[in-house]
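Structural characterization, general
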Amino acid sequence: MKNRKRMNLAPIKRFSPYLSHFKKEIAFALVSGLIAGGTTVVITAYTGKAVDTMIGKNQVLFSDLCRILTLLAMILVLSVLSQWIIQILGNKIAYVSVANLRKDAFNHLNKLPLSYYDQTSQGNIMSRFTNDLDYVSEACVAIFNTFFSGITIVIVSLFAMFWLSPLLTIVVLIMTPLIFLVSWFVTKASQAQFSKQQQLVGDISGFVSEVVGNQKIVKAFQYESSSQARFEKMNQQLLDWGQKAQFYSSLSNPTSRFIDHIAYIAIGLVGGLLALKGTGNVTIGMISSFTIYASQFSKPFIDLSGITTQLQTALAGLERIFTMMDEPIEAKDEASAVVLSKTKGNVSFEHVFFSYDPSRPLIQDLQLNVTSGQTVAIVGKTGAGKSTLVNLLMRFYDLDSGQILIDRIPIQHYTRDSLRKAFGMVLQDTWLFDGTIKENLTFGNPQATDEEVIACAKSALVHSFITKLPHGYDTVIGSQGLKISEGQRQLLTIARTMISAPPMLILDEATSSVDTLTESKIQEAFLRMMQGKTSFVIAHRLSTIRSADIILVMDAGKIVEMGNHEQLLKNPNGFYSKLYAAQFSENN
Ligand SMILES: Nc1ncnc2c1ncn2[C@@H]1O[C@H](COP(=O)(O)OP(=O)(O)OP(=O)(O)O)[C@@H](O)[C@H]1O
């Protein structure tokens, strides 16, 4: 059986509260729609009357004609004004309600747990906020504009036509479904091409951003010609579909005009016969009014046929955004949760079990006690679970069972914000935003004084670099400003963490892309920052590992060995000894 695509109207119900803020505007737009529809119909009737004042050569009733034309001009102003008001109100209702929905959706997005981001691609999330919501606002504008004036025009012109001539009205009513059907078929054919085109545009922009964002890799692997070929293939496809879409949509105007004209002919023919027979007081003016009524009556139907596919696309967009808004947010803080303001930095893991995917157990029965000021170096092969440990400390994910305690209180008894604030994080991916160096440095502590900022920058060994820049601490960095090296970025993030003065630290030692001098600077800055603070370091440098109070050796989510450097080396067959021999003995 053919699988028919049905319109799912549930998203409209869900979207209606966003429209309900605009009751006044909707009422006003409906009144304006009534005026616009009414005046359009009256204008048509008076145009017919004006024609009837010009019966033939030397038979023009000038005074009547002038009176009708003056009246027509006044009604025309009213009609244009009311249509303009409808458009303004329609735009306002559409764009403000979609802006409110976008705000709520972003607010929800901010509260979603990391697991949602793990499962959903970035492009997918972004397209909901851009394309999908754009379709919704465009469809809203189109619907409001068609709806508010269209409905009244259809109703009033139908009454006017019946009042003038029921027989001619039947002719119009027979033609209207035909006009609607033809426009609907043409729109459907072109929209099918347009939506294929839209999807391909999305694919092309994804491809271009991937190639642009990975230019170094593209160049290093000489991917240019393959990427060019792939791009050209997509581009050609886009051109083909675009041309097809344009071909079908170019049919829309001539076909609906053609049927319109057939309707005119039918009205002229039937009207002429009636006039000749003297049936129903049909006049030439009335026939000319009727041709206009016929096109006014059918226009909203033609518009409607154009909107149905637009509406479908918008509904699909609404559904996607609401699906995202239905995703469960991070569990709220417990009602009795306290703020972790001053911590001594005692951290323990008690029988912690955790897995990202229940079918693949990861952290199993992890036990660890860290006392205030200790440095914990976490080492292990790739995929051992080092970053996972950090994710759990920050409560990015909740445990399957067991407890993590800070100062003997389970972390879920603290507010999430205060818990995360208690840790300063410096990861491999340095994050700096477009802005001045000072703004970047004080991001975590906007109240920091200039003296504090400078002291921390000195301690992070980045002050002299900053002062040599053209505008010192006010130098703008980022895409619009100065480009800085990876090592400098690292030092700036270290300074930023020092300025926000967190009681505990989570560090991921970057090993790549810096020269030896910068490397030793970063290491020194790290050590200064760690002084006296409980620190968890995903460690790659031998010196950090050797000087750590506790070395956690992880494998497949378990702590396989624990102790300090000397203790662990005592077991020559142990995991650490082997790791040490493999990775560090040369440097030693
Ligand atoms: N968000 C996630 N969703 C599902 N599985 C994940 C997720 N993050 C990590 N994993 C899996 O959990 C395991 C441990 O990953 P983790 O990132 O903690 O290792 P790691 O020791 O930090 O590795 P590396 O040194 O390579 O960074 C891996 O098998 C990884 O595939």
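On a predicted model such as this, the values are computed, not experimentally measured, just so you know.

The UniProt record annotates "transmembrane region" (unreviewed entry) at residues 68-86, 135-161, 167-186 and 258-276. Along residues 167-186, the helical share is 100% and the strand share 0%, with 30 Å between the first and last C-alpha atoms.

Strand order in this open sheet of four strands is β2-β1-β4-β5, and the pairing throughout is antiparallel. Of all the strands in the sheet, just β2 (363-370) and β5 (409-410) have a single pairing partner and so form its edges. Taken together, the five bridges between strand β1 (residues 347-354) and strand β4 (residues 401-406) define a ladder with antiparallel strand orientation. Following the sheet pairing, V347 is matched in β4 by I406. Relative to the sheet, helix α10 (residues 386-393) contacts β1, β2 and β4, its axis offset from that of β1 by approximately 110°.

A complete count under the given rule lists 10 aromatic pairs for this structure. Taken together, a centroid distance of 5.8 Å and an interplanar angle of 85° make the contact between Y116 and Y117 edge-to-face. Given the relative accessible area of 5%, Y116 is considered buried. Judged by its relative accessible area of 33%, Y117 is partly exposed. Look at Y356 and Y397: their rings are 5.1 Å apart centre to centre, the planes differ by 90°, and that puts the pair in the edge-to-face class. Of the two residues, Y356 is situated in the loop between β1 and β2 and Y397 in the loop between α10 and β4; the sequence distance between them amounts to 41 residues. Look at Y397 and you get buried, because its relative accessible area is 11%. In textbook terms, an aromatic cluster arises when at least three aromatic residues are bridged by ring pairs, as seen for F354, Y356 and Y397.

Moving on to the site of the ligand. If you check the shell around the ligand, you find 13 residues, and the closest are D118, T382, K386, S387 and T388. The contact in question runs from an oxygen atom of the ligand to an N or O atom on the side chain of T382, over 2.4 Å. Contact distances for the ligand include 2.6 Å between an oxygen atom and a side-chain N or O atom of S387. Its free accessible area being 630 Å², the ligand has 62% of it covered by the protein chains. The greatest single-element share of the shell around the ligand, amounting to three residues, is contributed by α10. Partitioned by chemical class, the residues of the shell around the ligand number four nonpolar, five polar and four charged.

The residue R408 is not glycine, and still its phi comes out positive at about 70°. Under the relative-accessibility criterion, R408 is labelled exposed at 77%. The phi angle at L461 is positive, at roughly 60°, despite the residue not being glycine. Note that L461 resides in the loop between α13 (450-459) and α14 (463-467).

Moving on to the sheet that holds strand β6 (residues 423-426). Taking strand neighbours across the sheet as the criterion, the six strands line up as β6-β9-β10-β3-β11-β12 in an open arrangement whose pairing is mixed. With one partner strand each, in any of the chains shown, β6 and β12 (558-563) form the two edges of the open sheet. Neighbour to neighbour, the strand axes of the sheet diverge by 20° on average, direction disregarded. Two elements, strand β9 (residues 504-508) and strand β10 (residues 534-538), share five bridges in a ladder whose sense is parallel. By the bridge assignment for β10, M504 is matched with T534. This element, helix α16 (residues 516-530), spans β3 (375-380), β6, β9 and β10 of the sheet and lies at about 160° to β9.

With that settled, the discussion passes to α13. For α13, the set of buried residues is V453, C456 and A457. All buried residues of α13 fall inside an arc of 100° around its axis, so they share one side. Looking at the buried side of α13, the elements it contacts are α12 (437-441), α14 and α15 (486-500). Remark: L461 follows α13 within two positions and exhibits a positive phi of approximately 60°.

What counts and what doesn't
Residues numbered from 1 in each chain as written. Predicted model: local features only at pLDDT ≥ 70, side-chain atom pairs only at ≥ 80, totals over all residues. Heavy atoms only, no water. UniProt positions renumbered as here; feature names shortened; annotations may be inferred. Helix = DSSP H or I, 4+ residues; strand = E, 2+ residues; numbered from the N terminus. Pairing = 2+ DSSP bridges. Contact = heavy atoms within 4.5 Å. Axes fitted to C-alpha atoms, helices over the stretch in contact; angles between N-to-C directions. Phe/Tyr/Trp six-rings, centres within 6.5 Å; stacked < 30°, edge-to-face > 60°. Buried < 20%, exposed > 50% of the residue type's maximum accessible area, 1.4 Å probe, protein only. Near = heavy atom within 4 Å. Polar contact = N/O pair within 3.5 Å; in protein donor to acceptor, adjacent residues only side chain to side chain. Areas by Shrake-Rupley, 256 points an atom, 1.4 Å probe, with all protein chains shown as cover. Nonpolar A, V, L, I, M, F, W, Y, C, P; charged D, E, K, R; others polar. Arc of directions from axis to C-beta.

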